[in-house]
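Breakdown of the fold
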Amino acid sequence: MSHKIIVIEDDKKISAMLRRGLTYEGFDVITAENGRKGLLMVLEEIPDLVILDVMMPGIDGLEVCRRLRKEGNIPILMVTARDTVEDRVRGLETGADDYLVKPFAFEELVARVKALLRRAKGDETKDRLQFADLILDLNSRTAFRGKRSIELSTTEFDLLSFFMNHPQRVLTRELIMEKVWGFDHEGESNVLEVYVGYLRRKLEEQGESRLIHTVRGAGYVMKE
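Residues numbered from 1 in each chain as written. Predicted model: local features only at pLDDT ≥ 70, side-chain atom pairs only at ≥ 80, totals over all residues. Heavy atoms only, no water.

- The protein chain has the name DNA-binding response regulator in an unreviewed UniProt entry, where Effusibacillus lacus is given as its organism.

Structure, rendered in C-alpha cells:
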C-alpha cells in the first residue's frame, strides 16, 4: 500500500509540481492551499507524512506545525524560502522533523521524504502502545488496564490498536471501517458500533474511566 502524503502549500505551481512528482514516485498525494484546510485535511485523512510550507497567509506553517504536534507524531517536512540558521532552528523547534530550503532539487526532497518514512516505520516496530493506563502488548496481542489483563479477539485487537495509534483524534466511521475492515466489507452495517461496545465493556469492566468516546455526527475519539 502506498504512503499517503499531504502537501500544504499556497503556491499553486509548487503544489502541482510536488503532486505530479510524488505521485510518479508511487505516493498517494493530497494537496491543501492554506494552513486551515491543511489542518482539517490531516485530521480527516491521517497521512503518513506532511510536506508543509512556512510562509502562507492566515495560519502560517509554523502554527500549523505546532497544532499538528499536539495531535500526534506524523512526520513533518517543512519547506521554505527562509534560509537563515534562526529560521531553521525555529522550524525544528516547533516540531518539524526536517527542513528543506527553496529552491530545492526534487530528488533531494524525495530522499528526505523516504528517510522520514523509514524513521517513522522504525518507531512502529515497538512492542507496545500506551495511552493513559491502557497498554497494548503487540506481541501477545493482549491489553492491560493497569495490572488487569484483557484478552482480545483479532478484530478487537485491530480496532483498539488503530485507536491507540491515533489518540486524541476524531476518527470518522468511514475511516475506521476502511482501515480495520477494509473497503470490501459487506457485513452488518452496525459492526463498528458492536465492536466499540465490546471494547468498552472489556476496558471498563472494573469501573475504569471511558477512553473510547463517541463524537456525535462524526465518529469516535480516544481520549481521557
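Once the structure has been displayed, the description carries forward.
**Focus on the nonpolar core**
- Counting residues in each nonpolar core, the largest one holds 29 residues, and the members touching the most others are Leu159, Leu160, Phe163, Ile176, Ile212 and Met222.
- Of all the secondary structure elements, the ones that give two or more residues to this core are β6 (128–131), β7 (134–137), α6 (154–165), α7 (173–181), α8 (191–203) and β12 (219–222).
- With six residues, the top contributor of residues to this core is α6.
- The contact partners of leucine 160, leaving out residues within four places of it in the chain, are Leu134, Leu136, Ala143, Leu152, Leu199, Leu203, Ile212 and Met222.
- Core analysis: the next-biggest nonpolar cluster, separate from the first, contains 22 residues, Leu39, Val42, Ile59 and Met78 among them. (Core = buried A, V, L, I, M, F, W, Y, C linked by side-chain atoms within 4.5 Å. Buried < 20%, exposed > 50% of the residue type's maximum accessible area, 1.4 Å probe, protein only. Helix = DSSP H or I, 4+ residues; strand = E, 2+ residues; numbered from the N terminus. Contact = heavy atoms within 4.5 Å.)

**Observations concerning helix α3 (residues 61–71)**
- Those residues of α3 that sit buried are Gly61, Leu62, Val64, Cys65 and Leu68. Summarising the axial view, the buried residues of α3 lie within an arc of 155 degrees, below the 170-degree limit, and thus occupy one face.
- Contacts from the buried residues of α3 go to β1 (4–8), α2 (35–45), β3 (49–53), β4 (76–80) and α4 (85–93).
- Measuring from the side-chain oxygen of the N-cap residue of α3 to the backbone nitrogen of leucine 62 gives 3.3 Å; that N-cap residue is aspartate 60. (Arc of directions from axis to C-beta. Polar contact = N/O pair within 3.5 Å; in protein donor to acceptor, adjacent residues only side chain to side chain.)

**Focus: the environment of threonine 142**
- Tracing the backbone shows threonine 142 in strand β8 (residues 142–145).
- C-alpha of threonine 142 to C-alpha of leucine 100: the two residues are 42 residues apart in sequence and 41 Å apart in space.
- The contacts of threonine 142, once residues within four sequence positions are left out, are Ile135, Leu136, Asp137, Ser149 and Ile150.
- At 3.2 Å, the side chain of threonine 142 forms a polar contact with the backbone oxygen of serine 140.

**So, unusual backbone geometry**
- The omega torsion across lysine 102 and proline 103 is -10 degrees, close enough to zero to call that bond cis.
- Here proline 103 lies in the loop between β5 (98–101) and α5 (106–123).
- One non-glycine residue with positive phi stands out, namely alanine 132, at about 55 degrees.
- By the element assignment, alanine 132 lies in the loop between β6 and β7.
- Its relative accessible area of 31% is what places alanine 132 among the partly exposed residues.
- One non-glycine residue, arginine 141, lies in the positive phi region at around 55 degrees.
- Tracing the sequence through the fold places arginine 141 in the loop between β7 and β8.

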